[in-house]
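Residues per chain, in single letters:
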Protein chains: 2
Amino acid sequence: MQGYIEQNKEKFLNELLDLLRIPSVSADSKFKGDVRKAAEFVAEKIQAAGADLVEICETAGHPIVFGQKIIDETLPTVLVYGHYDVQPADPYELWNSPPFEPVVKDGKIYARGACDDKGQFYMHIKAFEAMMATNTLPCNVKFMIEGEEEIGSDNLGIFVAANKDRLKADVILISDTAIIANDTPSIDVGLRGLSYLEVEVTGPNRDLHSGVYGGAVANPINVLSKMIASLHDENNHITIPTFYDDVVDLTAEERAAMAQTPFNLGAYKEDLAIDEVYGETGYSTIERASIRPTLDVNGIWGGYIGEGAKTVLPSKAYAKISMRLVPNQQSDKITALFTKHFESIAPAGVQVKVRPHHGGEPYVTPTNSIEYLAAEKAMEEAFGKKPVPTRGGGSIPIVALFEKELQVKTVLMGFGLDSDAIHSPNEHYGLFNFYKGIETIPLFFKYYAEMAQ
Amino acid sequence: MQGYIEQNKEKFLNELLDLLRIPSVSADSKFKGDVRKAAEFVAEKIQAAGADLVEICETAGHPIVFGQKIIDETLPTVLVYGHYDVQPADPYELWNSPPFEPVVKDGKIYARGACDDKGQFYMHIKAFEAMMATNTLPCNVKFMIEGEEEIGSDNLGIFVAANKDRLKADVILISDTAIIANDTPSIDVGLRGLSYLEVEVTGPNRDLHSGVYGGAVANPINVLSKMIASLHDENNHITIPTFYDDVVDLTAEERAAMAQTPFNLGAYKEDLAIDEVYGETGYSTIERASIRPTLDVNGIWGGYIGEGAKTVLPSKAYAKISMRLVPNQQSDKITALFTKHFESIAPAGVQVKVRPHHGGEPYVTPTNSIEYLAAEKAMEEAFGKKPVPTRGGGSIPIVALFEKELQVKTVLMGFGLDSDAIHSPNEHYGLFNFYKGIETIPLFFKYYAEMAQ
């Protein structure tokens, strides 16, 4: 196995670079053709690795690539999920090299999608190829690689519900998360949920002269600021009534265990060039970023934002707001709660519209489950160190969807790093991490197949 | 006089339409050539109207047009100020007809600059022409028509200081304000001052994934919202310490007189399609818009503001903020006060930058002054009704500059309407107002020349 991987390292890397060159940006319709190109590339590679069956499945949006190798119906089946679409790369001028012209530098691959998620899901196709080539695949494997994760996976639920038989599996394996450090492996046992909305505040029915009307009518930017500001109290605790009702607090033991996670606050602050961290009173930085719900304004705009000065009292102001949720908060319930509250705090003199975007549920993998133990054992062998269970801050909404529709648990065995700058300019993925993943995944298959029978 | 004006109505209008066709947008360097073209047009017309001397005076920015007719050194001199530059016209898609292709409809001229300020200053050139043609010019007249009023008149102060002799006058006459209604003439006896700044709040040194970092680091949009929200208390009173110290409150009598100004709150709200007005507790709408200082956010932006959702925790957030000032607040002092306060309320976790833009001082014309009484008499004769003294909300910063550098008072005899939508899409100016101004201005000259000798 290791021999095969060693001999093919360069080939594996070159294929990944080819995949990274395709600008499969799902959010922007001008890249629609490229998204499809990426799907075709992925299908071709799964086929070449040894699949029985590969299909590009059409949806109302971007296609989903399905593949499988069934060696024995009585053996367990691992379903690998990933996504071949990527985040938009703007602002382009902040990239040191073009986002879709991958560069390998200082042991890292720089490109949009290098870590999220192409570098990570592609490890699974290469691991599959290695197991097939050395005849060591110990159980069945299925692949479901979609093209809309960055825009909410709107068509995935429909696909899953319509393909339950085909997608039947014993566990879902996903690499789209991070380890603490290259010498400190970890497994994400929790994901935050997501509620995302866009709000619009309207004051007067047209832009006004701020001298003639300033002070006399509500300025929607000033009002929106007040409304946003009111959503957190002086302890940075969210003020929406009943917002925290469904939150299951960690036990004292769980918090103590979490506090053992290696974390260097000084390096964290230095990396971000901030003088202080900032968050909910009574919680550590790790806790704030993983087991507490949050509310962030992702974008805000209104009035004159061009060059120079314009004394306008604008008609409208807008914001994109998202909340990260924790077990057992429910995305739709929180979205409705936010909408009702935001509308209720609008003062007279303005009108407010709230429009929900995609959401997703929070998720937890029990650390005494077979899938967790198999991943733990695989990583311990590959890294020479037992992985730490961590709770991630991000959301992978389809994980809760899979449990609901397929009654299957997910294990998040990812190999990225927080410093990989996903969703940011100069995203990258380490060669170390790419190859370590390809080495670890077959070990997961081996131990999972053993433990699950 | 009236005969001459009647016979030339169509000619006057066509000339104004020609001037309105020139997109003299001072704020945008791509219109630089057009700004100059407008200056040349104005110079030509002042010459044709009968001036002794007309000059296009170069500055570090856009040129200033100077003209004069001296009939007798011993007579009073009226200096007419106006500006031939206009506000940007974006957003173009909100105009019913293109902003630089004037249309006369329902008795109004629709174009950017129709009211602010081309339609208004051009009345003075036509009034001058009429007085010259009928040999009724009773005193000396000078013209100073600049091209940077909409961007802060940065070079005007330099020009005025360098041309004190040439600009020597007894009164400055400006038409760049509004009357209450076409059947309710009024004269602006007060102008608010202006302090304008741009602020930048920086959190982390790059855009971050809001799942990985949300809740743990300061989000500059959330922080900026809190800072802006804190600038007003629950009574919409500005909270910057000592902000109101230099404000000279109106006496009870002055407030009572102001309360007599005709004002229809229902029509005001209906015109703006708002269910309620909104402002400082304890003051009426007219007071809030004229004799009280204010703080408005004119523009705000940060994070992802494009189509769809992006879960980013941005590095930066920005706002353009302006304050309208009243006597005796001073613009530079307030700008420094705001800067100090805004920097002081920034929490740990963010850095704040404050950059001042142009400002201007507040101003008041005493109602027992000769210039006011002459304007009052002229308007009473032309409108058949005595004008009401009003306090305007907007700022014309150069008025205080003129008093300081030339020791000359200004009378603001304007003919626009608040509904003319200056600084907004579909700006317009009434034919009634254009012609009424041309009729009234010679009356001002007549009475001023009488009273000032």
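Owing to the predicted nature of the structure, the values given are computational and were not obtained by experimental measurement. (Residues numbered from 1 in each chain as written. Chains lettered and ligands numbered in written order. Predicted model: local features only at pLDDT ≥ 70, side-chain atom pairs only at ≥ 80, totals over all residues. Heavy atoms only, no water.)

**With respect to the overall build of chain A**
The helix and strand tally for chain A stands at 13 helices and 18 strands. Rg of the C-alpha trace for chain A: 23 Å, near the compact-globule value of 22 Å for 453 residues, within the 12% margin. Every one of the 453 residues in chain A was classed for burial, and the buried ones make up 61%. (Helix = DSSP H or I, 4+ residues; strand = E, 2+ residues; numbered from the N terminus. Rg over C-alpha atoms; globule rule 2.2 N^0.38 Å. Buried < 20%, exposed > 50% of the residue type's maximum accessible area, 1.4 Å probe, protein only.)

**Remarks on the packing of aromatic side chains**
For the structure shown, the criterion picks out 30 aromatic pairs over all chains. Measuring from centroid to centroid gives 6.3 Å for Phe383(A) and Phe432(A), while their planes differ by 70°, and the two rings are edge-to-face. Of the two residues, Phe383(A) is situated in helix α11 (residues 370–383) and Phe432(A) in helix α13 (residues 431–451); the sequence distance between them amounts to 49 residues. Residue Phe383(A) is classed as buried on the basis of its relative accessible area of 16%. Between Phe243(B) and Tyr244(B), the ring centres sit 5.2 Å apart and the planes meet at 85°, which makes this aromatic pair edge-to-face. There is no split in this pair, since Phe243(B) and Tyr244(B) are both buried. The structure contains a cluster of three or more aromatic residues connected by ring pairs, namely Phe41(A), Phe121(A) and Tyr122(A). A cation over an aromatic ring shows up here: Lys436(A) above the ring of Phe383(A), its NZ or CZ 5.7 Å from the ring centre. The ring of Tyr435(B) is capped by Lys9(B), whose NZ or CZ atom sits 4.5 Å from the centre of that ring. (Phe/Tyr/Trp six-rings, centres within 6.5 Å; stacked < 30°, edge-to-face > 60°. Lys NZ or Arg CZ within 6 Å of the ring centre and 35° of its normal.)

**Some details on the relation of the copies chain B and chain A**
Of the transformation placing chain B onto chain A, the axial shift is 0.0 Å and the rotation is 180°, giving an RMSD of 0.1 Å. Accordingly, the operation relating the two chain copies is best matched by a two-fold axis. Looking at chain B, 100% of its interface residues are interface residues in chain A too, so the copies touch through the same face. (Least-squares fit on C-alpha atoms with pLDDT ≥ 70 in both. Contact = heavy atoms within 4.5 Å.)

**Thoughts on helix α10 (residues 370–383) of chain B**
Residue and element names in this part refer to chain B. With 14 residues, α10 should reach 20 Å at 1.5 Å per residue; the first-to-last C-alpha distance of 20 Å fits that figure. All of the buried residues in α10 are Glu371, Tyr372, Ala374, Ala375, Glu376, Ala378, Met379, Ala382 and Phe383. Tucked into the core, α10 has its buried residues touching β7 (171–174), β8 (186–191), β16 (388–391), β17 (410–412) and α12 (431–451). Gly384 occupies a position one or two residues after α10 and carries a positive phi of about 75°. (Expected span 1.5 Å × (residues − 1).)

**Here's the deal with the packing of helix α2 (residues 32–49) of chain B against helix α3 (residues 118–133) of chain B**
Residues and elements named next belong to chain B. At their nearest, the axes of α2 and α3 sit 8 Å apart, and the two run at 20° to each other. The orientation of α2 relative to α3 falls into the category roughly parallel. The crossing of α2 and α3 is left-handed. On the side of α2, the interface is formed by Phe41, Val42, Lys45, Ile46 and Ala49, while α3 contributes Phe121, Tyr122, Ile125, Phe128, Glu129 and Met132. Classifying every residue of the contact of α2 with α3 gives nine nonpolar, no polar and two charged. (Axes fitted to C-alpha atoms, helices over the stretch in contact; angles between N-to-C directions. Parallel < 35°, antiparallel > 145°, perpendicular 65-115°, else oblique. Left-handed = near helix turned anticlockwise from the far one by under 90°. Nonpolar A, V, L, I, M, F, W, Y, C, P; charged D, E, K, R; others polar.)

**Quick word on the sheet that holds strand β5 (residues 108–110) of chain A**
Residues and elements named next belong to chain A. With antiparallel pairing, three strands are arranged side by side in an open sheet as β4-β5-β18. Taken across any chain shown, the strands that pair with only one partner, and hence form the sheet edges, are β4 (103–105) and β18 (428–430). Averaged over all pairs of adjacent strands, the angle between strand axes in this sheet comes to 25°, irrespective of strand direction. In this fold helix α2 (residues 9–20) packs onto β4 and β5, with an angle of close to 20° to the strand it touches most, β5. (Pairing = 2+ DSSP bridges.)

**Notes on the interface of chain B and chain A**
Every contact between the two is made by 84 residues of chain B and, on the other side, 84 residues of chain A. When the area that chain B buries against chain A is broken down by residue, the three leading residues are Tyr278(B), Ile300(B) and Lys310(B), summing to 10%. Remark: the boundary between chain B and chain A carries two salt bridges. Taking the shortest distance from any N to any O, the salt bridge between Arg206(A) and Asp271(B) comes out at 2.9 Å. Across the chain B-chain A interface, the total number found is 39 residue pairs in polar contact (both at pLDDT 80 or more). Every element with two or more residues in the side of chain B that touches chain A is listed here: β9 (193–202), β10 (208–209), α5 (220–229), α7 (265–272), α8 (285–288), β11 (294–303), β12 (312–313) and β13 (316–325) of chain B. Ranked by the residues each element gives to the side of chain B that touches chain A, the list is headed by β11(B), at ten residues. Partitioning the side of chain B that touches chain A into residue classes produces 35 nonpolar, 31 polar and 18 charged. Relative to β11(B), strand β11 (residues 294–303) of chain A is paired through five bridges, and the arrangement is antiparallel. The residue of β11(B) that forms the bridge with Gly303(A) is Gly299(B). (Buried area = accessible area lost by both parts, 1.4 Å probe. Salt bridge = Lys/Arg side-chain N within 4 Å of Asp/Glu carboxyl O. Polar contact = N/O pair within 3.5 Å; in protein donor to acceptor, adjacent residues only side chain to side chain.)

**Focus: the environment of Lys9(A)**
Residues and elements named next belong to chain A. Structurally, Lys9 can be placed in helix α2. Take Lys9: its relative accessible area is 26%, and that puts it in the partly exposed class. Distance from Lys9 to Lys409, taken between C-alpha atoms, is 31 Å for residues 400 residues apart in sequence.

**Digging into the pairing of strand β7 (residues 171–174) of chain A**
All names here are of chain A. Residues Val171 and Leu173 of β7 are buried on one face, and the alternating residues Ile172 and Ile174, pointing to the opposite face, are buried as well. Here strand β3 (residues 77–83) runs beside β7; their pairing, made up of four bridges, is parallel. Residue pairing in the sheet places Leu79 in a bridge with Ile172 of β7. The sheet contact formed by β7 and strand β17 (residues 410–412) spans three bridges and is parallel. Within the sheet, the bridge partner assigned to Ile174 lies in β17 and is Leu412.

**Some remarks on a nonpolar patch on the surface**
Among the surface-exposed residues, Ile370(A), Leu373(A) and Met451(A) lie close enough to one another that they form a single nonpolar patch of about 200 Å² accessible area. For Ile370(A), the location among the structural elements is in helix α11. (Patch = residues over 30% accessible without salt bridge, like charges linked within 9 Å, V, L, I, M, F, W, Y side chains within 5 Å. Areas by Shrake-Rupley, 256 points an atom, 1.4 Å probe, with all protein chains shown as cover.)

**Comments concerning the pattern of salt bridges**
Tallying each qualifying case throughout the model produces 52 salt bridges over all chains. Ionic pairing is found between Arg112(A) and Glu427(A), a salt bridge with its closest N-O pair at 2.8 Å. Highlighted residues: Arg112(A) in the loop between β5 and α4 (118–133) and Glu427(A) in the loop between β17 and β18, separated in sequence by 315 residues. For the pair Arg112(A) and Glu427(A), a shared accessibility class is recorded, and that class is buried. One salt bridge in this structure joins Arg292(B) and Asp249(B), with 3.5 Å as the shortest N-O distance. Of this pair, Arg292(B) sits in the loop between α8 and β11 while Asp249(B) is found in the loop between α5 and α6 (252–259), placing the two residues 43 residues apart along the sequence. Classification of Arg292(B) by relative accessible area gives buried; the value is 5%. The class for Asp249(B) is exposed, based on a relative accessible area of 52%.

The quantities given are spatial measurements derived from coordinates; they are silent on function.
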